[in-house]
Amino acid sequence: MLEIAITNRHLCKGNFLTQIEKVASHKPFAILLREKDLDFDKYFALSREANRICSQFDVPLIAHTYAVPGTQDLHVPFAHANEALTREYSLSVSVHSLEEARGAQALGAKFVIAGHIFATGSKPDLPPKGLDFLRKICDTVQIPVFAIGGITGNNAKQCLDAGAAGICRMSYWMEL
C-alpha cells in the first residue's frame, strides 16, 4: 500500500528530525513536510535537514506550500494550485470537493490528496466527507488519489477499495 507520511512536529514527543529519520527508515511512499506555522526562512532551514535525512533512505520529501531548493515535489492547497504552476516542480494538491479534484487534474497535478475521509482529531468541528466522496473523486479523475483524515490500520483498506491509490497519515507517523 502506498502511504504518505504527513508531518506535524507538534505531535512528536521527541526531537522532530530524529522522528523524520525514524519515519524515513520505514520507507513510506513519501514524507510531506507540512509545517504550516513556519515562515519561509524557518521552513527552508527545516526542509534542508529533513531532505538530507530523507535522501539517506531514498524517500522523497514533498515540500508543502513553499517551493524550496532540493525538493522536486510541491504540495499545495487547491486555492494555491494556479500560482504553484509557475514553478518547476511536480505538483500535488489537497482537494475537498469533486470540482477541486477536477480542477487540480486540469492544472496538471501529479496526484491529489482528498479528505478528510473519516473523523479526525485535527478537524473536530468538521464532519468527515466519507467513502462515497472518496469513491466519486477516484471514479472521476485519471490521476492518483490519496485519502487523508482519520485513516487507521483498520480503515485503510476501505479507502483502497473505494479506489484510492494510497493513504496519508499524520498521527501514526508522528507518534511512531
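In the block above lies the structure referred to throughout.
Residues numbered from 1 in each chain as written. Predicted model: local features only at pLDDT ≥ 70, side-chain atom pairs only at ≥ 80, totals over all residues. Heavy atoms only, no water.

Draft legend 1. Quick peek at the pairing of strand β1 (residues 2-6). Most of β1 is tucked away: four of the five residues are buried. Sheet topology places β1 next to strand β8 (residues 166-169); four bridges connect them, and they run parallel. When the sheet's bridge partners are listed, L2 is paired in β8 with G166. In this structure, β1 lies alongside strand β2 (residues 30-33), joined through three bridges in parallel fashion. Counterpart to I6 in the pairing with β2 is L32. Note that the unit made of β1, helix α1 (residues 16-25) and β2 has a crossover that is right-handed. (Buried < 20%, exposed > 50% of the residue type's maximum accessible area, 1.4 Å probe, protein only. Helix = DSSP H or I, 4+ residues; strand = E, 2+ residues; numbered from the N terminus. Pairing = 2+ DSSP bridges. Right-handed = clockwise from strand over helix to strand, strands pointing away.)

Draft legend 2. The arrangement of the environment of G14 in detail. With respect to the secondary-structure elements, G14 resides in the loop between β1 and α1. Each C-alpha atom, one on G14 and one on E175, is 9.3 Å from the other, the two residues being 161 residues apart in sequence.

Draft legend 3. Examining the nonpolar core more closely. With 59 residues, the main nonpolar core has I4, I31 and L134 as its most contacted residues. Per element, the largest residue contribution to this core is five residues, and it comes from helix α2 (residues 40-56). Beyond its immediate sequence surroundings of up to four residues, I4 is in contact with F29, A30, L32, F111, I113, F146, I167, C168, R169 and W173. (Core = buried A, V, L, I, M, F, W, Y, C linked by side-chain atoms within 4.5 Å. Contact = heavy atoms within 4.5 Å.)

Draft legend 4. Quick look at the side chain of S92. Examined against the element boundaries, S92 turns out to sit in strand β5 (residues 90-95). A polar contact is formed between the side chain of S92 and the side chain of H75, at a distance of 2.7 Å. (Polar contact = N/O pair within 3.5 Å; in protein donor to acceptor, adjacent residues only side chain to side chain.)

Draft legend 5. Structural view of α2. The first and last C-alpha atoms of α2 sit 24 Å apart over 17 residues, in line with the 24 Å expected at 1.5 Å per residue. Along α2, the residues classified as buried are Y43, L46, S47, A50, N51, I53 and C54. Buried residues of α2 fall within an arc of 160° about the axis and therefore sit on the same side. The exposed set on the far side of α2, more than 90 degrees from its buried face, consists of D41, R48 and Q56. Taken together, the buried residues of α2 touch α1, β2 and β3 (61-64). Two or three places before D41, at the start of α2, stands the capping residue D39, its side-chain oxygen 3.2 Å from that residue's backbone nitrogen. The positive-phi residue at the C-terminal boundary of α2 is D58, with phi of around 55°. (Expected span 1.5 Å × (residues − 1). Arc of directions from axis to C-beta.)

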